[in-house]
Structures are given as structure tokens and as C-alpha cells.
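One-letter residues, chain by chain:
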Amino acid sequence: MGTFTRFTQIDCPETIPCGPDGEHEAFEVGFTADGEIPFPQVILHAPGRVLLLKGEAIQSRQTAAGTWHYAARVPAGKLTGAGVTIQIEGCRQADLGLAGGDDWIKAFRDLRLIRPPRPAVIRAQGSGGAEVKLYFGIHKHMHQPYYNTTDRNYWDGEKDQIFGSRGGNYTDFIPAAVRQYIEGGLPHAGLSTSWSGSLIEQLDRCGDEGLCGGRFAGWNSALRHLAGATTSLGNPRIAFSAFGFFHPLMPLIPHQDIVRQIHWHRDLIQRAFGVAASRVLFPPETAFHARIIPALVEAGVTAVVYDSIHRFRACRDYPYAGIGEGMLPPNAAEQVNPPVDDWLQMRNIWAGSRISPRLLKPEYVGYEDPDGKLHKIIAVPAERYIGNEDARGGFGALQYADVLGQVHDRILETGGYDPAHPPFFLLHSDGDNHGGGADSYYHHNTARLVEWLRQDSRFELTTVEDYLQRFPPDPTQVCHIEPGSWAGADNGDPQFMKWFSRYDQPYSPDLNSWAVLTAFQNAVHTLEYSEPGHPELAEAIRLLLTAETSCYWYWTGQQIWDQQVTNAANRGLDLLKPALDALVAAGHDHGGPTIFPPWVTPENPGGKRWGQGCLLDAPRQGVAHTFVADVSGLKRVELVLRAPAGESRLAMRNQGPYPSQTGARVTADYYTAHLPVGAGDVRYFIEAEDGRGNVSRGALERIWLA
């Protein structure tokens, strides 16, 4: 067998035609060497994509002349862009461990992908002569929880597999997509991405300790490298969204914990990626409730993302779609926004209800607190149905031009285009799961997306920051948004019932965890208020914030998840008990009770409730439920009701500590109150006083009592 020293011939095309869909045909790269090559490779460098062919992907045979011929077949549609560099290489050394740089022999060829002529740019004008354009953005969410709340170093083979299978998602997929935006000449294009602190910490550990086969050594280098890339307006092409460090369901945790979760996360983003976190918040599970606005503003957030259906349902005369919508009819107290007349039933995607293109734009949303003060923030819609289709994998699952074209055409039909505030919405999905997190989404789908946008000026991909800089919403126009989350959480109903599973049964693991968490929150906050420098407090705070991870409620009925909150609370209470006992004994408890956000059953008193495959009339008698805890005991808990007839107070009934089945050291008391039948559109909040006279008030809530 001769020794390989050089390539004697290289056969590869100089051009490859592409079809009408932009995909190239399969082709072959052949090369001949003067001896057998121990490790032949073909590497194709395309914009935003590197394709490596080696091993079984390369066929070899010895010729009659004693040379060796190699052939590598490049599958159709694998390359993007126009210019491709083909790198052919082989190693002279049979033992890779002994090979040095001089042992690799390389040759290069250039290839051009010939695409069909681009159709004329599509433009559309509204009645006023302005070009009607629809703007949209893309968001990718990355998260892994801690699988053991009391041991952040817990690891096993399952975790190795979970993380290891997402190597590209957590390293270079996002930079690959953004490079294609840049190379495609899209001036405002980028994407936003949310990374939980628990994921980043675990990836750092993988890199430091060589977990997942060393896959995550320098995991954030590609992200850091491209983090400085900016749009034409100077905003980041990759916007690391504001987020809650441990992925909490923000509408169901206290004000101070929301602020701390966001601040902790912001500090970690700066350390991990070398850039500041965005001031636009992507809330975990896209869960939004107006009562969190004051905490978001305090944390420095300027805009928050929400699921678009909750804006639609907050309109008067909303066209409720029935049980196919997946939610009960909106409560009348939420429907305070003016009616609109451009409702659209989309085709060629699953859409359980109509949408209003006119409302798909950032607006100010407001919350009025019990003192009558208005708090407001910019709210950015994530379109529910189009986003769900995009999450399945982009082109193929979602035909962008057709589906977004329906929205665009409806705007033209109804004359609802406002050039100062044009339509804009996000398409969001998990960046590391299923279709929207696949290699093909970030590479091939992005290439087709860029090509489409370059020829169709009706649509523009833009970052949230660029849009808000160009088209700031009017701060004098403040709307209301119904509470709720995204469709993947049992359709994201207004009372977040995905996180209240089995609430109507004698025992609910979810209610147990909320009751335990409420008691733990009170213990931590009480000690922090009185002794902020206590040596055990830092670890207790971390346990508390970890216990607020929404995943521990998401998988109800699995003991490993149902137990997590109790485990963290028990460990934290063990740390704090001596100090808390001394503080209470000395009468130094100066913090008020902790009040869990109330929920009402039935959800719409006097309206509709769920039956077996149908809707039934709901009882008119509504019951408000909550958990309340205080280390000094509770003196009174009242529901303050504000109805058209005036303000009244209802004493809430203490049902005792919620009966835990997870061995909780302490749990909150469970309180209920019967709401007056026929009171109409009311506002209410809960007020609680502890044994030391400290008083707390909950948020101002709204409900229609028929």
C-alpha cells in the first residue's frame, strides 16, 4: 500500500442549480490520492452552516493504477447562501494521536449555488398611500431546572443525556441563525432568547467538570462572540431577555421575589455572555397578570411579552369560539377594552379562535392597585397560533408567506393600518425542544426565511428593541390584558389552572406545594426584614427561589416533582428555625403575613363551567380561596370587596393548615370566603393581620359576579 502524500485529482462541480424552492440538488465530490488516506474528510463551508462528511459518508476504492479514489455525496438541500467553499483533506498519519498539523494535506475548491431569478418584490399600499408592512420577531427559550432542590450538584446518566442531546442548542445554533440574518442583509433582524439561571449554572458545571463527554467546554464562546453584533439601529442582534433566574411563575410569587429573580438573572447574563440583559421580559410560560407590573417596573423592566389571545379576550364583544378554544368564556370583568371589527379566522394552521390583526402590536397595559394608583408597562404580543406552528419547525410546518399574508390582507381589507404603530408580534418556542429547537430550524429554515424576506417587502423580521425604537406605543393609551399563559399550559387559562391541578379534589399536590411555599416565603422574608445579615439567610433565599421553579408544579402526580418544594422548604426552615424562634419570642417580628394570590371557584360564577365535552351553567355562588402564613400567627384575614354599592369586608374562614402529604415541616393556613351573588363587576383584595399587629394587603383583583 502506497503512502498518501498528495491529491492527484479533484472532481467537483463549480455550480449547482437550485429549484424554485431554493433547494439545491444532490451532488458528488470526488478526489484521487497517490495512496490510501487513513482519515479522508470533506468539509463544506456555507454561510451560517458547516457540513462535515467523513467515515461511512465517503466511499473509497483502489484503482488499477494503484491510486485511491474517494467519493462523497452531498445530500440535496443541505447548503445555504450562494458561495460555498469545499475543503478536501486527509491525514498522512494512521494514528490520530500522533498526528500534527503538518500531517494534514488540504485542497480547496469553490462552488456557487445558482438560484432561480427572484420574483418581483411584493408591495402593498393602504388607503392612505403608505406601504402596509407587517413586522414580526422570533424568540427562543432555553431552560433546564434543578432536578434536586436541595442538591445543586445532583447528576446522573439521565441528566447527562438530557443536556448532551442539546449540544448545538446550547452552543452555536442561535449564532448560526443570526449570522444568516446578517449575511442576508436584513438590517433590523435578530432574535431574542431567554436563558434561565439554573440552565446557565448547570452548563458552566458541565464545562468545568467535563460532563456530557466534554461537549460543553467553552459552551458560551460562540454566543459571546456574536453577542456584540448589532442591528442598523445599534441594538443587539441577540437580545438576552430579562427573565426569572429559576423559571418562576411570576403571577403566583411575591413582589420582592419577582424583583430578586430578575436581578439575579440580569447579573448572571452579564457574566455568562459579556453583555447586558435586555429590559424586555419574557416571563416563564409566557404567564402574565397585570398585578406583576409594579414588580417588573421596580426590577427595571420596560416591556413584557404576553400571549396574544389574552388581549383579544379582553375586548367587549369578543367572538368566543366555544370549547374548541380550550378555555371558558372570558369573565365579563376582564372585557373592558373597546370592541374591534377585524376578526380573522386563519386557515392552513390550527387556530382554535379568531384573532384581531389590529391588536397585534405593542401597547401600554395598566394595573390599578388598592390605593388607586395606576402602574403601566409596554406589553408585546406573542401570537398564539402562528407561534405554535412556527414551533413545529418553521417552513414545512408554517408557510410564512401564506399565513402571515392572511393577517396582512385582513389589515388591507379593513383599513386598520396605522403607520405610526404597525402590527408586530413574536413567534416564540422552546429553543431546545421539538421542531423549533431542531438543527434544521436554525439552519435550513432560517436560510429559506431570509430568502423569502429579501423578496417580499410586506414583511420584516425585526428585534423588539428596534421595533420599539422606531414605533414607540402611545403612553396615553392604556389597555387591559386578561391574565393567562401560553397555549401549551392547558391552553393558558386566566387562573393558571395548569399549576392548580386537582384543586377540586380532597388533596392536590399542587395546592400542597403552594401552601408549603407560602409558609417558607413568610419565614425567609420575616428574617430578612429583621436580620438581613443573618449568616444562614443567603442559603435559605437560594432554596426559596429554587423552590419557586414552575416545573415543580407542571408535572403533577410524579412524586419526584411533587416533593421538590417541600424538600427545599424543610431544608431552609431547618436553617432558619433557631433565629425565627428567637425573633418571635423577643417580639421582633415586624413583617406582615404572606398572602398567596387568590383563586375563585367556579371560575365564572353564574357563567359557564366545564362538563364532559361540553359547557354547563356554573353556580352563581362564587368562593374565593387563598393561603396565608405568618410566623407570629394570624389574627384576622379579610376580603375587602369594592362593588358599585360601596366597599365591604368579608371575614375569611380559616380551614386550618393545608393537609400536606409530603412531610412538610410547616404549611400555610387555607382560607375561603363566599362571594355575594349578583354583585356584578367588582374589585377585591385580601388583607391579613398577624399576632403582632403587622398588616399585609394583596393585589387588587377583578371578577364579575352574576
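Provided above is the structure to which this section pertains.
Report follows, based on the coordinates.

Scoring rules and cut-offs
Residues numbered from 1 in each chain as written. Predicted model: local features only at pLDDT ≥ 70, side-chain atom pairs only at ≥ 80, totals over all residues. Heavy atoms only, no water. Pairing = 2+ DSSP bridges. Helix = DSSP H or I, 4+ residues; strand = E, 2+ residues; numbered from the N terminus. Axes fitted to C-alpha atoms, helices over the stretch in contact; angles between N-to-C directions. Salt bridge = Lys/Arg side-chain N within 4 Å of Asp/Glu carboxyl O. Buried < 20%, exposed > 50% of the residue type's maximum accessible area, 1.4 Å probe, protein only. Core = buried A, V, L, I, M, F, W, Y, C linked by side-chain atoms within 4.5 Å. Parallel < 35°, antiparallel > 145°, perpendicular 65-115°, else oblique. Left-handed = near helix turned anticlockwise from the far one by under 90°. Contact = heavy atoms within 4.5 Å. Nonpolar A, V, L, I, M, F, W, Y, C, P; charged D, E, K, R; others polar.

Further remarks concern the sheet that holds strand β3 (residues 27–33). Strand order in the open sheet made by the 4 strands is β1-β3-β7-β6, with antiparallel pairing throughout. Where the open sheet ends on each side, the last strands, each with one partner, are β1 (7–11) and β6 (58–62). Each strand axis lies, on average, 15 degrees off the axis of its neighbour in the sheet, ignoring direction. With 5 bridges joining them, β6 and strand β7 (residues 68–74) adopt antiparallel strand pairing. Among the inter-strand pairings, arginine 61 is bridged to a residue of β7, identified as histidine 69.

The final tally for this structure, using the stated rule, is 32 salt bridges. One salt bridge in this structure joins glutamate 209 and arginine 205, with 3.3 Å as the shortest N-O distance. With glutamate 209 and arginine 205 both in helix α3 (residues 197–209) and 4 residues apart, the pair spans about one turn of that helix. Aspartate 341 is paired through a salt bridge with arginine 358; the nearest N and O atoms lie 3.3 Å apart. On the criterion of sequence distance, the pair formed by aspartate 341 in the loop between α7 (309–312) and β15 (363–368) and arginine 358 in the loop between α7 and β15 is long-range, its members being 17 residues apart. Aspartate 341 gets classed as exposed once you look at its relative accessible area, which sits at 54%. For arginine 358, a relative accessible area of 28% corresponds to the partly exposed category. Overlapping salt bridges bring together Lys635, Arg636, Glu638, Arg649, Glu687 and Glu689 as one network.

Once that is clear, we can look at the nonpolar core. One finds Phe136, Phe163, Trp195, Met346, Ile386 and Phe627 to be the most contacted residues of the largest nonpolar core, which totals 120 residues. Looking at which element gives the most residues to this core, the answer is helix α12 (residues 509–530), with 10 residues.

The next point concerns the packing of α12 against helix α13 (residues 537–547). The N-to-C vectors of α12 and α13 enclose an angle of 150 degrees; their axes lie 10 Å apart at closest approach. Considered as vectors, α12 and α13 are oriented roughly antiparallel to each other. Both α12 and α13 take part in a crossing whose hand is left-handed. Contacts between α12 and α13 involve Leu517, Phe520, Gln521, Val524, His525, Leu527 and Glu528 on the former and, on the latter, Leu537, Ala540, Ile541, Leu543, Leu544 and Ala547. Of the residues in the contact of α12 with α13, the class split is 10 nonpolar, 2 polar and 1 charged.

Now for unusual backbone geometry. Peptide bonds are trans in most cases, and residues, glycine excluded, mostly fall at negative phi. Cis geometry is found at the peptide bond from threonine 601 to proline 602, where omega equals -15 degrees. With respect to the element layout, proline 602 can be found in the loop between β21 (599–601) and β22 (608–610). The backbone of cysteine 212 shows a phi angle near 55 degrees, a positive value even though the residue is not glycine. You can see cysteine 212 is positioned in the loop between α3 and α4 (221–226). Residue classification places cysteine 212 among the buried residues on the basis of a relative accessible area of 11%. The backbone of phenylalanine 496 sits at a positive phi, close to 55 degrees, despite the residue not being glycine. One can find phenylalanine 496 in the loop between β19 (478–479) and α12.

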